[in-house]
Amino acid sequence: MGRIRNGRKIIVLIAILLMLSALAGCGTTAAIEWDSDLEDDDIDSEEENGDKEESDDAGISDDAEISDNAGISDDEEKSGSAETDSDINISTLTVSGGSREKISDEEAASLQYIEKVMLENYYGDKTEYEMYAPIGSYKLNGTLSYFNHGLMFSATVYNYETDSDFEEGLRSYLSILKKGYQFSEIMRNDDDRYVFLSSQGEDYNGLAYDIKGVLYQDVRENGIAIEWDLEVMEDGVDSETYLIIDEISKCYGIYLDDLQINGEWEKAEAERLMEMQDVYEPEEGKAELTKADGYQYMGITAISIDDIECPIMLPMGRNSSVIEESAMTTMHGVYAYIWGYSSTHPLNYQADAEAAADRNYRYVSDPDKDYQNAIRSEVMAMSGFNQAVYYVIEYDEPDYNGEEYHSRVDVYCYIKLNDKSNLRCELILRSEDYDDSTNILLKELETAYGIDLSRYYYEKED
């Protein structure tokens, strides 16, 4: 960190911490407080007087030396704070770190997530300095910021004076964070300094998640340094998070493997979402589902088809809904929609199913459509029903951004009620939404509707 006796640096740090707290849902365990010895008048006078006085928070002298793997001694006292080093957890985080070869200019041109930007010494002589930052970062009053993919990246330019500046800055940073964060020892990367941090936050549902980060002092010539801060918040991590981190690692020549999160939040969130799907609360003023004997998920209700009150079975959970003429739900990777169909002229349910199967297959196998590997089954009898058939269409569909394809299965059922009415059921199975409860649900649908879905069971990856 830079010399925090400059009032503007404290403002930048507080802004960063406040933004982190906002992103952390219910907040991290760290408390954000002003140091009692830094009053507004002190900040103003330091801005005006420049280097006249040392900060009351400076716990290390300017002539202190930093060894290649030097930490900050637990025995050193920090004036202006009642917290001890053991309370603040200085140098208690064990990391690997390490330097690596920096990316060349030619390689930098092919980066997908990181770009070179200019950052102004806003509170200094207004000179702009080149640095690497995530694409999409924005700048305001000399501070660069980026929030996306579970990452928070921020940077600022400041005046660098002595080797002990980074240690002094870390002291002041810790005095603001207080408890809840652990820091590694200070590490070198040529003339640069960096330190890893770790903490935990809590999301809106009370689930704990990891926060891991690195504070980096990029030392330049003529007493200038760019200080950047990268933090990873587990509850926002996605498929691009570590691709971005890998490019930052290459640009600055340090290994960032210590920013890997443990994945416990993701597991806990998946369990919460899976359990939440099973909670059925009937909608006020609408027909209710009642639990079917012998089933874990299936419920029984009725819908109207002309003058017919037709009993149906539907999986019952959080998203289950029954209205007068139809019922629907989605849970554990299965979408189900049941409705009645009637006509003024006689219906041939078998012929209608054959025609619909041909039509739907032509649609998903059309080369102009963005689907792949379409397969159409025969029209098959539904066991346990006198006059009922079903067919299946399998294909791969793209995800929301068109980069990956996932398996989808559409199942259509036709159940004859009388010459002019039939009951229809559509099931959509999406493999990317499957979970540990999917197979139970699929087997119950097989039993309820006399169909075979064994080809589409969830095969959990090791």
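Residues numbered from 1 in each chain as written. Predicted model: local features only at pLDDT ≥ 70, side-chain atom pairs only at ≥ 80, totals over all residues. Heavy atoms only, no water.

What about the sheet that holds strand S12 (residues 298-305)?
Consider a sheet: its strands pair through backbone hydrogen bonds, and that pairing is either parallel or antiparallel.
Here's step 1: With respect to topology, 3 strands assemble into an open sheet ordered S11-S12-S13, the strand pairing being antiparallel. In the strand order of this sheet, the two ends are held by strand S11 (290-291) and strand S13 (308-315), each with one partner.
Here's step 2: Examined bridge by bridge, S12 and S13 share 8 bridges and lie antiparallel to one another. In the sheet register, Ile-303 faces S13, and the bridge partner there is Cys-310.
Here's step 3: With respect to the sheet, helix H9 (residues 438-449) is in contact with S12 and S13, its orientation differing from that of S13 by roughly 155 degrees. (Pairing = 2+ DSSP bridges. Helix = DSSP H or I, 4+ residues; strand = E, 2+ residues; numbered from the N terminus. Contact = heavy atoms within 4.5 Å. Axes fitted to C-alpha atoms, helices over the stretch in contact; angles between N-to-C directions.)

Considerations on the pairing of strand S4 (residues 143-148)
Here's step 1: Alignment of strand S3 (residues 138-140) against S4, held across 3 bridges, turns out to be antiparallel. Bridge assignment links Leu-140 to a residue of S4, and that residue is Thr-143.
Here's step 2: Where S3 folds back onto S4 in an antiparallel hairpin, the turn is made up of 2 residues, including Asn-141, whose phi is positive at roughly 50 degrees.
Here's step 3: As judged from the 6 bridges shared by S4 and strand S5 (residues 151-159), these two strands associate in the antiparallel manner. Paired with Leu-144 across the two strands is Ala-155, which belongs to S5.
Here's step 4: With antiparallel pairing between neighbouring strands as the criterion, S4 and S5 make up a hairpin whose turn holds 2 residues, including His-149 at a positive phi of roughly 55 degrees.

Digging into the side chain of Ser-421
Here's step 1: The topology assignment puts Ser-421 in strand S21 (residues 421-430).
Here's step 2: If near-sequence neighbours (up to four positions away) are discounted, Ser-421 is found in contact with Ile-305, Asp-306, Ile-308, Tyr-341, Ser-342, Leu-347 and Lys-416.

Some points on the side chain of Ser-321
Here's step 1: Positionally, Ser-321 belongs in strand S14 (residues 321-322).
Here's step 2: What makes Ser-321 buried here is its relative accessible area of 15%. (Buried < 20%, exposed > 50% of the residue type's maximum accessible area, 1.4 Å probe, protein only.)

Re the state of the cysteines
Here's step 1: Tallied over the entire structure, the rule returns 0 disulfides.
Here's step 2: Cys-413 takes part in no disulfide bond, and the closest cysteine sulfur to it belongs to Cys-425, at a distance of 4.7 Å.
Here's step 3: What makes Cys-413 buried here is its relative accessible area of 1%. (Disulfide = S-S within 2.5 Å.)

Quick look at the environment of Ala-302
Here's step 1: Topologically, Ala-302 is positioned in strand S12.
Here's step 2: Residue classification places Ala-302 among the partly exposed positions, given a relative accessible area of 25%.
Here's step 3: Considering only alpha carbons, one finds Ala-302 and Ser-326, 24 residues apart in sequence, at a separation of 8.8 Å.
Here's step 4: The contacts of Ala-302, once residues within four sequence positions are left out, are Glu-309, Cys-310, Pro-311, Ile-312 and Val-322.

Concerning helix H8 (residues 349-365)
Here's step 1: With 17 residues, H8 should reach 24 Å at 1.5 Å per residue; the first-to-last C-alpha distance of 24 Å fits that figure.
Here's step 2: Taken together, the buried positions of H8 are occupied by Tyr-349, Ala-353, Ala-356, Ala-357 and Val-364. Down the axis of H8, the sector holding all buried residues measures 105 degrees, keeping them to one side.
Here's step 3: For H8, the N-terminal cap is Asn-348; the gap from its side-chain oxygen to the backbone nitrogen of Gln-350 is 3.2 Å. (Expected span 1.5 Å × (residues − 1). Arc of directions from axis to C-beta. Polar contact = N/O pair within 3.5 Å; in protein donor to acceptor, adjacent residues only side chain to side chain.)

A short note on the packing of aromatic side chains
Here's step 1: Under the defined criterion, the tally for this structure stands at 14 aromatic pairs.
Here's step 2: Look at Tyr-391 and Tyr-412: their rings are 5.0 Å apart centre to centre, the planes differ by 20 degrees, and that puts the pair in the stacked class. Taken together, the residues Tyr-391 in strand S19 (residues 388-398) and Tyr-412 in strand S20 (residues 405-418) connect sequence positions 21 residues apart. You'll find Tyr-391 and Tyr-412 in the same group, each marked buried. (Phe/Tyr/Trp six-rings, centres within 6.5 Å; stacked < 30°, edge-to-face > 60°.)

Some thoughts on the pairing of S19
Here's step 1: S19 sits mainly inside the fold: 9 of its 11 residues count as buried.
Here's step 2: Of the strand pairs in this sheet, strand S18 (residues 380-381) and S19 are connected by 2 bridges, and their pairing is antiparallel. Residue Ala-381 lies in a different strand from S19, and its bridge partner there is Val-389.
Here's step 3: With 11 bridges connecting them, S19 and S20 associate as antiparallel partners. Within S20, the residue paired with Tyr-395 across the bridge is Arg-408.
Here's step 4: In textbook terms, the turn of a hairpin is the stretch between consecutive antiparallel strands, and for S19 and S20 this stretch comprises 6 residues, one of which, Gly-402, has a positive phi near 75 degrees.

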